[in-house]
Amino acid sequence: MPKEKKVTTKKVGKKKKTVLKKKILNKKDNKQETKIEEGPVLTKKEKEEKKIDKKRKKATADWSLLRGMRDLLPEDQKYWRKCFETAQNVSDYFLYKKIETPVVEETKLFIRTVGKGTDIVDKEMYTFEDKDGKKVTLRPEGTASAARAFIGHGMWNKPQPVKLWYYSPMFRHDRPQAGRYRQFWQYSCECFGADDPSVDAENVLMAYNFFKDLNLPVQIRINSIGDPEERERYKQELITYLRTKRSYLCEDCKKRINRSPLRVLDCKQEECQPVIEGAPQIIDWLQEPSKNRFMTVLEYLDELGIPYTLDTKLVRGLDYYNGMVFEIYYKDQENETAQSALGGGGRYDLLIESMGGNHTPAVGFSIGVDRVVNLMKTHFKENNCDLPDQKVDIYLAHLGKDARRVALRLLEEIRGSGIKIGYNFFKEALKNQLEAANKLEVPYVLIIGQKELQDGTIIIRDMESGVQEIIDQKKIESHLKKKLKK
Ligand code: HAM
C-alpha cells in the first residue's frame, strides 16, 4: 500500500502556510517516486467553513427539484402579486366570479374534452392510479374542469351567462425549456351560456386589458376555425395538400397528416414553414353564417381599438374549439419570449353538450402567468420601469431583551394602521439596526431603550436631520400617522 507522509510546513512572511506531501509509491523496488503537492494550510475556522460548504452542496444535490418544476422565489413575488391583482381587477370589472376546482380530476375528463390526438392528452398528462385504483390526472388545463363544475353544480339554473375565472397551477409533462414548465400557472376566464359575438369580443378585451394594465405591449392573433362540418371539409382539403408535400415535412408532421392535420399548421419546425405558408386557409372554407359571425367579432374589436392580426394558420392545440380562436404574443419580436404564446382561447360551444349536458355555448381564454412574469422582468428592466420593491415606512429598533418585548407589543398595536414597519429582533446592536434602517431608506426610526421602557415613552429619530423627539408610547400611532401623512 502506498504511504503518505507530511514532511514540512513552511511559513512565508505573513503569507499562508503551505504543506508539502511526499508520496512513496513503490516501496518494493526500493524506488522512490515522489510527488510534491502544494496547497494552503487551512485555519480551523476555514476548515469548519469548508466542511459546512461541502455539507450544503451535498444537501442541495440531494434535494434538487424535479425536472421542469421550480420554486417561485420571494424576489419574484412582486411580479406574481401584481399579476394576481391585475387578474382580479379585470375579472371583477367584467363581473366574472372566482372558482377553484381540484388539482386532480378523473383522467377521462381530459381525454374526452381536450381530445385524443392532442399533445396534451397523448404526451403530457401526469396520470396515475390513486389508492382506489381510479385513473386520475393532474389537470393539464382548466376549461374541462370548469365545464365539469358547470354541469355538476347545475349552473344552467343560474341566470345566464355564468361567468367564471380561476388562477391556478396546471401540470403538463412537456419538454422543459425557457417559458415552458411542468407546473405552471394560468389566469383564465370562462363564459358559459352566451353565444353573442359581443362575448367573444369581451373575452379578447379582457385578455388584452390584463396586458394593458401590466404595461406590456402585446399583439392579438385571431382566426375562425368554423363549425365541425366546415372544419371537416377543410381537413380533407388540407390532407390532400399535405400528402403532396409529405417529403418536405418534419417526421412528426408526416405522422400528423392523417391523424391530426390541423396540428401541422401549428408546427414550429423550420423545414415545415414553407409547406404551412402554402397551405389552404380555413377561412376560405367557412360558410356565410360563420364568416359573418367572425366579421362581427372583428368589428367589435375595431370599435374597441384593439389591435389584432388575422392569422389564418391559427388553429389552437385543443379539440374543443369552434369559431373564433385567438392567441396573445409579446409585440417585440426580437425578444426570445415573443416566440411563445402568452395566452390563448376561443369559443367552445359544443363542449358541455359533448359531456352530456344541455347545449351551452361558451367562450374563454387562459394566460400563462409564468411567461408573463418572465416577460415583466425583462421588459420592465429594459424599459426602466421595474416594479418597486415593497417599502416600509418606519423602522422599529430596540435595545435589550425587555425592550424587545415592548417592541413586539407596539408592532402589534400599530398593525392595521396602514403603517409598514421594518424590524429585526435578531439584531442586537443599535448601530446594526440603524444601518438596516438606512438601507431601507426610512425617514424615521422608533427607538425603545431602557429609559423609554421605564417612562412608557419612545424615541422618534428623524433619519435626515438626526433630530430626536420623545413621545408617549400610547400616542405613537396617531403621531406617526400625522408625520407620515397616512
Ligand atoms: P393553452 O393554449 O393550452 O390553452 O394554454 C394557455 C397558455 O398557458 C399558453 O398560451 C401559455 O402561455 C401557457 N402555457 C401552456 N403550457 C405551458 C407550459 N408548459 N409552461 C408555461 N406556460 C404554459 C388552454 O389551456 C385553454 N384551457 C385556454 C382556454 C380557456 N380556452 C378556452 N378557455
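Quick note: structure is the one above.
From a predicted model like this one, the values you see are computed outputs, not experimental measurements.

**Q** I keep staring at the overall build of the protein and nothing clicks. Help me out?
**A** Helices and strands together make up the secondary structure of the protein, namely 17 helices and 19 strands. Its C-alpha radius of gyration of 32 Å places the protein more than 25% over the 23 Å reference for a compact globule of 486 residues. C-alpha extents for the protein along the principal axes are approximately 90 × 90 × 50 Å. The buried share among the 486 residues of the protein stands at 31%. Nonlocal contacts in the protein, meaning residues at least 24 apart in sequence, comprise 65% of its contacts between residues at least 6 apart.

**Q** What's the story with unusual backbone geometry in this structure? I'm lost.
**A** Apart from glycine, the bulk of residues carry a negative phi angle, and the bulk of peptide bonds sit in the trans form. Following glutamine 160, the chain continues into proline 161 via a peptide bond in cis, with omega recorded as -5 degrees. Looking at the secondary structure, you find proline 161 in the loop between helix 5 (143-152) and strand 8 (162-171). Positive phi, close to 55 degrees, is recorded for glutamate 441, a residue that is not glycine. With respect to the helices and strands, glutamate 441 occurs in the loop between helix 15 (430-439) and strand 17 (444-448). With 10 C-beta atoms packed within 10 Å, glutamate 441 lands in the exposed category.

**Q** What exactly am I supposed to notice about the pairing of strand 7 (residues 135-138) here?
**A** Put simply, side chains in a regular strand alternate between the two faces of the sheet. In this structure, strand 5 (residues 104-106) lies alongside strand 7, joined through 3 bridges in antiparallel fashion. Across the sheet, residue glutamate 106 finds its bridge partner in strand 7, namely valine 136. When strand 6 (residues 126-129) meets strand 7, the two strands line up antiparallel, connected through 4 bridges. Across the sheet, the residue bridging to glutamate 129 is lysine 135, located in strand 7.

**Q** Where do I start with the packing of helix 6 (residues 197-213) against helix 11 (residues 288-304) in this structure?
**A** When two helices pack together, their arrangement is given by the angle between the helix axes and the distance between those axes. Where helix 6 meets helix 11, the closest approach of the two axes is 9 Å, and the angle between their N-to-C directions is 45 degrees. What the angle tells us is that helix 6 and helix 11 run oblique. Helix 6 and helix 11 meet at a crossing whose hand is right-handed. Where helix 6 abuts helix 11, its residues Pro197, Ser198, Asp200, Ala201, Val204 and Leu205 lie against Arg293, Thr296, Val297, Tyr300, Leu301 and Leu304. Classifying every residue of the contact of helix 6 with helix 11 gives 8 nonpolar, 2 polar and 2 charged.

**Q** Help me understand the nonpolar core in this model?
**A** Soluble globular proteins tend to pack their nonpolar side chains together in the buried interior. Grouped together as the largest cluster of nonpolar side chains are 75 residues, with contacts concentrated most on Phe150, Ala207, Phe210, Ile328, Leu342 and Ile367. Top contributing element to this core by residue count: helix 6, with 8 residues. The residues contacting phenylalanine 150, other than those within four sequence positions of it, are Met155, Val162, Phe192 and Ile352. Ranked by size, the runner-up nonpolar core spans 17 residues in total, among them Ile447, Ile448, Ile458 and Ile476.

**Q** Any chance you could explain the pairing of strand 18 (residues 457-462) here in plain terms?
**A** By the bridge criterion, 4 bridges tie strand 17 to strand 18 in an arrangement that is antiparallel. When the sheet's bridge partners are listed, leucine 446 is paired in strand 18 with isoleucine 460. Taken together, strand 18 and the strand that follows it, strand 19 (residues 468-472), pair antiparallel across an intervening segment of 5 residues, in which glycine 466 is found at a positive phi of about 80 degrees.

**Q** Explanation requested: helix 1 (residues 44-62) in the structure shown.
**A** An α-helical turn contains 3.6 residues, so a residue and the one three or four places further along point in the same direction. Taking 1.5 Å of rise per residue, 19 residues should cover 27 Å, and helix 1 covers 27 Å from first to last C-alpha, within 8% of that figure. Little of helix 1 is tucked away: 0 of the 19 residues are buried.

**Q** What am I meant to see in the environment of proline 102 here?
**A** Mapped onto the elements of the fold, proline 102 is located in the loop between strand 4 (97-98) and strand 5. The sequence separation of proline 102 and serine 168 amounts to 66 residues, and the corresponding C-alpha distance is 9.6 Å.

**Q** Looking at this structure, how should I read helix 11?
**A** With 17 residues, helix 11 extends 24 Å between its outermost C-alpha atoms, agreeing within 8% with the 24 Å of an ideal straight helix rising 1.5 Å per residue. Looking only at helix 11, the buried set comprises Ser290, Arg293, Phe294 and Val297. Viewed end-on, helix 11 has its buried residues packed into an arc of 95 degrees, placing them on one side of the element. Of the exposed residues in helix 11, those oriented more than 90 degrees away from the buried face are Glu288, Pro289, Asn292, Met295, Glu299, Asp302 and Glu303. Where the residues of helix 11 are buried, they touch helix 6, strand 10 (218-224), helix 7 (228-244) and strand 12 (322-330). Glycine 305 lies just past helix 11 and shows a positive phi near 70 degrees.

**Q** Help me understand the sheet that holds strand 12, please; the structure alone is not making it clear to me.
**A** Strands in a sheet are paired, the pairing made by backbone hydrogen bonds, and the direction either parallel or antiparallel. With respect to topology, 8 strands assemble into an open sheet ordered 4-8-9-14-13-12-10-11, the strand pairing being mixed. Two strands close off the open sheet at either side, each with one partner strand: strand 4 and strand 11 (308-310). This element, helix 6, spans strand 9 (183-192), strand 10, strand 12, strand 13 (343-347) and strand 14 (362-368) of the sheet and lies at about 15 degrees to strand 14.

**Q** So what exactly am I meant to see when it comes to the packing of helix 2 (residues 77-93) against helix 13 (residues 369-382) here?
**A** Direction vectors running N to C along helix 2 and helix 13 enclose 120 degrees, while the axes themselves pass 10 Å from each other. With respect to helix 13, the axis of helix 2 lies oblique. In this structure, helix 2 crosses over helix 13, and the sense of that crossing is right-handed. Where helix 2 abuts helix 13, its residues Tyr79, Trp80 and Cys83 lie against Val369, Val372, Val373, Met376 and Lys377. Grouping the constituent residues of the contact of helix 2 with helix 13 by class yields 7 nonpolar, no polar and 1 charged.

The rules behind each value
Residues numbered from 1 in each chain as written. Predicted model: local features only at pLDDT ≥ 70, side-chain atom pairs only at ≥ 80, totals over all residues. Helix = DSSP H or I, 4+ residues; strand = E, 2+ residues; numbered from the N terminus. Rg over C-alpha atoms; globule rule 2.2 N^0.38 Å. Buried ≥ 20, exposed ≤ 12 C-beta atoms within 10 Å, placed from the backbone. Contact = placed C-beta atoms within 7 Å. Pairing = 2+ DSSP bridges. Axes fitted to C-alpha atoms, helices over the stretch in contact; angles between N-to-C directions. Parallel < 35°, antiparallel > 145°, perpendicular 65-115°, else oblique. Left-handed = near helix turned anticlockwise from the far one by under 90°. Nonpolar A, V, L, I, M, F, W, Y, C, P; charged D, E, K, R; others polar. Core = buried A, V, L, I, M, F, W, Y, C linked by C-beta atoms within 7 Å. Expected span 1.5 Å × (residues − 1). Arc of directions from axis to C-beta.

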